[in-house]
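Descriptive structure summary
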Amino acid sequence: MRLRNITGSREMIAESRFVVHEPQEYKGRWRELFSNDHPLRIEIGMGKGRFIMDLARMHPEINYVGIEKYSSVLLRGIQKMETDPLPNLYFIRMEAEEIADVFGREEVERIYLNFSDPWPKDRHAKRRLPSREFLKRYDEILVRDGVIEFKTDNEDLFRFALEEIAPAGWQLLQMTEDLHHDEKMLAGNVMTEYEEKFSALGNPIYKYVIAR
């Protein structure tokens, strides 16, 4: 469930130094923004930012960009960054469909998709972040040996995501239908807010890792 609209959230985002306000200007040259040549990883649908902030804190040798379309949710991430600034992390407020307009060819090393909107109606299948339509977009920006990591508690969305892999020309590297009881795939796992909530309720967490 998303946060309700927060009055003034867009204005606060527009003034934040942690948000890249014209991300298209950095297409193909994100290293200039970070002032280093570290690998770049992105999370699409970052929510309140816990996952990507934890990663950025753990891996200062990697650059991160968190993408979120809901202003009221992104604002929570900004508030956390104001308390604990991280030099290797920036945020973008944008629609995921615009991803190839913001990142250049083979500019991103890894993409994280965590607890994405399932868009349950069949007519909305193209909007699902692990759909073949989105996999085509990711193909444009990922380095040749880049990977996508996808986690969800929604079994129907996970089944759909698995069915999209082969038709889109990708291959499955790893998968589990119960992440928190899979010792190998759980190693090094960083939880999101939703993951902590759902796993505490005993819900299985599904995950895959794919590459071309």
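Preceding block: the structure.
Residues numbered from 1 in each chain as written. Predicted model: local features only at pLDDT ≥ 70, side-chain atom pairs only at ≥ 80, totals over all residues. Heavy atoms only, no water.

**What about the sheet that holds strand β4 (residues 108-114)?**
Taken in spatial order, the 7 strands make up an open sheet running β3-β2-β1-β4-β5-β7-β6, and their pairing is mixed. Edge positions in the sheet fall to β3 (89-93) and β6 (171-176), since each has one partner strand and no second. Each strand of the sheet is rotated relative to its neighbour by a mean of 15°, with strand direction disregarded. By the bridge criterion, 5 bridges tie strand β5 (residues 142-152) to strand β7 (residues 206-211) in an arrangement that is antiparallel. Bridge pairing in β7 places Thr-152 opposite Tyr-206. (Pairing = 2+ DSSP bridges. Helix = DSSP H or I, 4+ residues; strand = E, 2+ residues; numbered from the N terminus. Axes fitted to C-alpha atoms, helices over the stretch in contact; angles between N-to-C directions.)

**A word on unusual backbone geometry**
Here Glu-106, not a glycine, exhibits a phi torsion of approximately 55°, which is positive. Topologically, Glu-106 is positioned in the loop between α5 (99-102) and β4. Backbone geometry places Trp-119, a non-glycine residue, at a positive phi of 40°.

**A short note on the pairing of β5**
The buried count for β5 comes to 9 of 11 residues, which makes it a mostly enclosed element. Here 6 bridges tie β4 to β5, and the two strands are oriented parallel to one another. For Val-108, the partnering residue across the bridge sits in β5 and is Leu-142. Handedness of the β4-helix α6 (residues 132-141)-β5 crossover: right-handed. (Buried < 20%, exposed > 50% of the residue type's maximum accessible area, 1.4 Å probe, protein only. Right-handed = clockwise from strand over helix to strand, strands pointing away.)

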